[in-house]
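Residue-level listing of the chains:
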Amino acid sequence: MFGKKSTTCTSCGKEIAVHERSWIYMQYPPSGMTNIQKYIELGGEVYCTSCVGKVEKQESN
Ligand SMILES: [Zn+2]
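The residue numbers shown here count from 1 along each chain, following its written sequence. Predicted model: local features are reported for residues with pLDDT of at least 70 only, side-chain atom pairs are reported and counted for 80 or more only, and whole-chain, interface and lining totals are derived from all residues.

Under an unreviewed UniProt entry, the name given to the protein is Fe3+ hydroxamate ABC transporter substrate-binding protein, and the source organism is Bacillus yunxiaonensis.

Caption draft 1: The overall build of the protein, seen in detail. A tally of helices and strands in the protein yields two helices and four strands. Its C-alpha atoms put the protein at 30 × 30 × 15 Å along the principal axes. Here exposure depends only on C-beta density: within 10 Å of a residue's C-beta, 20 or more other C-beta atoms make it buried, 12 or fewer make it exposed, and intermediate numbers make it partly exposed, the C-beta atoms being placed from the backbone. With 61 residues in all, the protein has 3% of them scored as buried. For the protein, restricting intrachain contacts to residue pairs at least 6 apart in sequence, the fraction spanning at least 24 positions comes to 54%. Helix and strand definitions here come from DSSP, where helices need a minimum of 4 consecutive H or I residues and strands a minimum of 2 consecutive E residues; each element is numbered from the N-terminal end. Note on contacts: residues are paired as contacts if their backbone-placed C-beta atoms lie within 7 Å.

Caption draft 2: Main features of the environment of Y25. Residue position: Y25 is located in strand 3 (residues 22-25). Since 16 C-beta atoms lie within 10 Å of it, Y25 is described here as partly exposed. Sequence spacing of Y25 and G43 is 18 residues, and the spatial spacing of their C-alpha atoms is 8.6 Å. With residues near it in sequence (within four places) discarded, Y25 still touches G44, E45, Y47 and V55.

Caption draft 3: Molecular detail of the environment of R21. Structurally, R21 is set in the loop between strand 2 (15-16) and strand 3. Residue classification places R21 among the exposed positions, given that 9 C-beta atoms sit within 10 Å. For the pair R21 and N35, spaced 14 residues apart in sequence, the C-alpha separation works out to 22 Å.

Caption draft 4: Highlighting unusual backbone geometry. Phi at H19 takes a positive value of approximately 75°, unusual for a residue other than glycine. Here H19 falls in the exposed class, since 6 other C-beta atoms lie within 10 Å of it. The phi angle at N35 is positive, at roughly 60°, despite the residue not being glycine. Relative to the elements of secondary structure, N35 occurs in the loop between strand 3 and helix 1 (36-43).

Right, dumping it as structure tokens:
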């Protein structure tokens, strides 16, 4: 997800550009910020800014 692989929005599939703001929806790791990259790779969902509102609506249903 980081590095050479491109990252796409989980909801709409739009590619997230480098330095573009994005949202990563994930469980907070038990070990805090240690190894957070591994945690995001395993369980993080990335959303572009225009999809964040949709996600919040889904969660509240
Ligand atoms: Zn999106």
